[in-house]
Amino acid sequence: MQIQDPRIIRLIDRIGEHYRSNVANRFIRPALLQLSIDKQKWSLIDVLMEKADSYQGYELDELYRQLVASADLVFQARTNLIPGLRARQNIGAVSGPDKVLMDMAMSNFTSNLQVLADLLNELFVLLVDADKAQAKGRKPLYAQMPEVSNLGKLLIE
């Protein structure tokens, strides 16, 4: 199913912008890449976060897969990255204005990750609504994808 809802497209753009600016910025991305996320999931995350050709719309099944991969990133970052984020960074190698920016990025990472989780959850709700509307008596796509059933848990915990 092709998704062309302008609200969904705008939200995907917002998610990508927030992710690039506040979650995977140049100070945090090296630590994110140390998480145990396989290449296939990173590819799905990157596709969602770097959407540029939205004029044709999005495939619903692909969006669900990208959401699940992104939710896994949020979960992994919360459980494996946040507790030791400062220890993972080479803080001594950064000085001047970059040190201030790095400190800000690290200090705000937890709240920025929460904003990302909230935006991803908002996207999921919009996709489910669109999915149900298109199903018309059939089982919606999200209900046919077992990996989607865990999405809320990954975003909340």
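Values in this document were obtained by computation on a predicted structure and should not be read as measured data.

S.K.: Help me out: how do you make sense of the nonpolar core in this one?
M.R.: If you look at soluble globular proteins, the nonpolar side chains tend to sit buried side by side. Within the largest apolar cluster, 52 residues are counted, with the highest numbers of intra-cluster contacts made by Tyr-19, Leu-32, Phe-109, Leu-116, Leu-120 and Leu-127. In this view, Phe-109 contacts Asn-22, Val-23, Ile-28, Leu-32, Ala-77, Leu-81, Ile-82 and Leu-85; residues no more than four positions away in its chain are not counted.

S.K.: For this particular structure, what's the right way to read helix H4 (residues 60-81)?
M.R.: What sets the pattern is the α-helix's 3.6 residues per turn: residues three or four places apart point alike. Counted at 1.5 Å a residue, the expected span for H4 with its 22 residues is 32 Å, and the 30 Å between its end C-alpha atoms agrees. Counted residue by residue, H4 has 16 buried out of 22 residues, so it is predominantly covered.

S.K.: Sorry, what's going on with the packing of H4 against helix H7 (residues 109-135) here?
M.R.: Angle between the axes and distance between the axes are the two parameters that describe a pair of packed helices. Contact geometry for H4 and H7: axes closest at 10 Å, N-to-C directions at 155°. When the interaxial angle is binned, H4 and H7 end up roughly antiparallel. Judged by the twist between their axes, the crossing of H4 over H7 is left-handed. Two secondary-structure elements touch here, H4 through Leu-60, Leu-63, Tyr-64, Leu-67, Ser-70, Ala-71, Val-74, Ala-77, Arg-78 and Leu-81 and H7 through Phe-109, Leu-113, Gln-114, Leu-116, Ala-117, Leu-120, Leu-123, Phe-124, Leu-127, Val-128 and Asp-131. Of the residues in the contact of H4 with H7, the class split is 17 nonpolar, 2 polar and 2 charged.

S.K.: I would appreciate a short explanation of the packing of aromatic side chains in the present structure.
M.R.: For any pair of aromatic rings, geometry is given as the distance between the ring centres together with the angle between the planes. Under the definition given, this model contains 1 aromatic pair. On the basis of an interplanar angle of 70° and a centroid distance of 6.3 Å, the ring pair of Tyr-64 and Phe-124 is categorised as edge-to-face. Placement of the pair is Tyr-64 in helix H4 and Phe-124 in helix H7, with a sequence separation of 60 residues.

S.K.: How do you make sense of the environment of Lys-41 when you look at a structure like this?
M.R.: One can find Lys-41 in helix H3 (residues 39-49). Lys-41 gets classed as partly exposed once you look at its relative accessible area, which sits at 30%. Along the chain, Lys-41 and Asp-72 lie 31 residues apart, while their C-alpha atoms are 8.6 Å from each other.

What counts, and at which threshold
Residues numbered from 1 in each chain as written. Predicted model: local features only at pLDDT ≥ 70, side-chain atom pairs only at ≥ 80, totals over all residues. Heavy atoms only, no water. Core = buried A, V, L, I, M, F, W, Y, C linked by side-chain atoms within 4.5 Å. Buried < 20%, exposed > 50% of the residue type's maximum accessible area, 1.4 Å probe, protein only. Contact = heavy atoms within 4.5 Å. Helix = DSSP H or I, 4+ residues; strand = E, 2+ residues; numbered from the N terminus. Expected span 1.5 Å × (residues − 1). Axes fitted to C-alpha atoms, helices over the stretch in contact; angles between N-to-C directions. Parallel < 35°, antiparallel > 145°, perpendicular 65-115°, else oblique. Left-handed = near helix turned anticlockwise from the far one by under 90°. Nonpolar A, V, L, I, M, F, W, Y, C, P; charged D, E, K, R; others polar. Phe/Tyr/Trp six-rings, centres within 6.5 Å; stacked < 30°, edge-to-face > 60°.

Purely spatial values, then, with no claim about function.
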